[in-house]
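# Examining the three-dimensional arrangement
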Amino acid sequence: MNEKTQRKWDSAAKLYDLTGGFGPEKRWQPHKQRLFSGMYGKVLFLAAGTGLDFASFPPGQDITAIDISAGMLEKAKPRAATYQGELQLRQMDVHKMDFQTASFDQIYTSCTFCSVPDPVAGLQALRRVLKPGGRLGMFEHTGSRTFPFGLMLNVMNPLCRHLGPEINRDTEANVEAAGFAIEKITNVYLDVVKTIEARAPSDEQT
Ligand SMILES: C[S@@+](CC[C@H](N)C(=O)[O-])C[C@H]1O[C@@H](n2cnc3c(N)ncnc32)[C@H](O)[C@@H]1O
C-alpha cells in the first residue's frame, strides 16, 4: 500500500463531502447515472471515496468498490449500507489488487485517474482483473486542449496535486497506453469533465 497516497486521502476525507459533495455531485449525477446504467455481471468500482457515486448506481448489481483510504471508506460505509443490491467495500491499492486475473465483467471509475499515483500502471492493473473484451467505463476530469483552460489547469496543478488530485492528466492517452481501445468519449463540461468508454482486448487480440 502506498502510504503517502493513503495519508493524503485520509486527510482529504475529513472535508471531502463539503468540497466535492453537494453542488458538483448534483451536477454530475445525470452523467454518472447514464454511464453506470450499463452495469451488469461482476463489477469493480474504483475508487469508492466517501460513497458519493453510490446514489448513481442502478439497483440490483453485484459491485465491489475499492479505495486506498480507510478514512474515505469509513465515510462510505453508511452510503453503501443503503444500496439496494450487493455493494462490498474493500481497502485496496489499485496497484496491488489481490483479485484473480479476469475476475470482473466490467470496471467503472469516477474521478479516480486524477488521483492514482501511476495512472498507466493503475489502468494496466485494471486490465489484468477485467475479463478479455470487458468494458471500462470512466467518469473523469482531465487536462484541456482548449486555451486558456489547459494553461490554467497546468498552472494550478502543483497545488492541487499536493492537496488531492492532479488536474491536467491526459487520461485518454493513458487508457490507450494501458492497452484499452476507446469506444466513446462524451464531454460533460468543456473537454475537462468527460466520460470515457473503453474495452479490453478480447482473447483473440491478446
Ligand atoms: C477524487 S477522489 C474520488 C472519490 C469518488 N469516486 C468521488 O467521485 O467522490 C479519488 C479517490 O481515489 C482514491 N485513490 C487514490 N489512489 C488510489 C489507489 N492507488 N488505489 C485505490 N484508490 C486510490 C482516493 O483515496 C480517493 O478516495
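These notes cover the structure that comes with them. (Residues numbered from 1 in each chain as written. Predicted model: local features only at pLDDT ≥ 70, side-chain atom pairs only at ≥ 80, totals over all residues. Heavy atoms only, no water.)

## Digging into the overall build of the chain
Scanning the chain from N- to C-terminus turns up six helices and seven strands. Each helix and strand of the chain, placed in order from N terminus to C terminus, yields the pattern α-α-β-β-α-β-β-α-β-α-α-β-β. The C-alpha atoms of the chain give a radius of gyration of 16 Å, which matches the 17 Å a tight globule of 206 residues would have. Each principal axis of the C-alpha atoms in the chain carries an extent, and together these give about 40 × 40 × 35 Å. When each of the 206 residues of the chain is scored for burial, the buried share is 50%. Long-range pairs, those at least 24 residues apart, make up 69% of the contacts in the chain with a sequence separation of at least 6. (Helix = DSSP H or I, 4+ residues; strand = E, 2+ residues; numbered from the N terminus. Rg over C-alpha atoms; globule rule 2.2 N^0.38 Å. Buried < 20%, exposed > 50% of the residue type's maximum accessible area, 1.4 Å probe, protein only. Contact = heavy atoms within 4.5 Å.)

## Some remarks on the pattern of salt bridges
Any two side chains of opposite charge can pair if their charged atoms end up close together. Counted according to the given criterion, the structure contains 14 salt bridges. One salt bridge in this structure joins K131 and D105, with 2.9 Å as the shortest N-O distance. Within this pair, whereas K131 is found in strand β5 (residues 130–141), its partner D105 is found in strand β4 (residues 104–110), the two being separated by 26 residues in sequence. The class for D105 is buried, based on a relative accessible area of 17%. Residue E166 pairs with R169 through a salt bridge whose shortest N-O separation is 3.6 Å. The exposure classification of E166 matches that of R169, with both residues buried. Look at the salt bridges and you will find they share partners, linking E25, K32 and D53 into a network. (Salt bridge = Lys/Arg side-chain N within 4 Å of Asp/Glu carboxyl O.)

## A closer look at the packing of aromatic side chains
Counted according to the given criterion, the structure contains eight aromatic pairs. Pairing W28 with F139 gives two aromatic rings, centres 6.1 Å apart and planes at 50 degrees, and the pair type is tilted. Pair noted here: W28 is in helix α2 (residues 16–36) and F139 is in strand β5, with a separation of 111 residues, a long-range link. With relative accessibility at 14%, the residue W28 sits in the buried group. Assessed through its relative accessible area of 0%, F139 is described here as buried. Ring plane angle 40 degrees and centroid distance 5.5 Å describe the contact between F54 and F57, whose orientation is recorded as tilted. (Phe/Tyr/Trp six-rings, centres within 6.5 Å; stacked < 30°, edge-to-face > 60°.)

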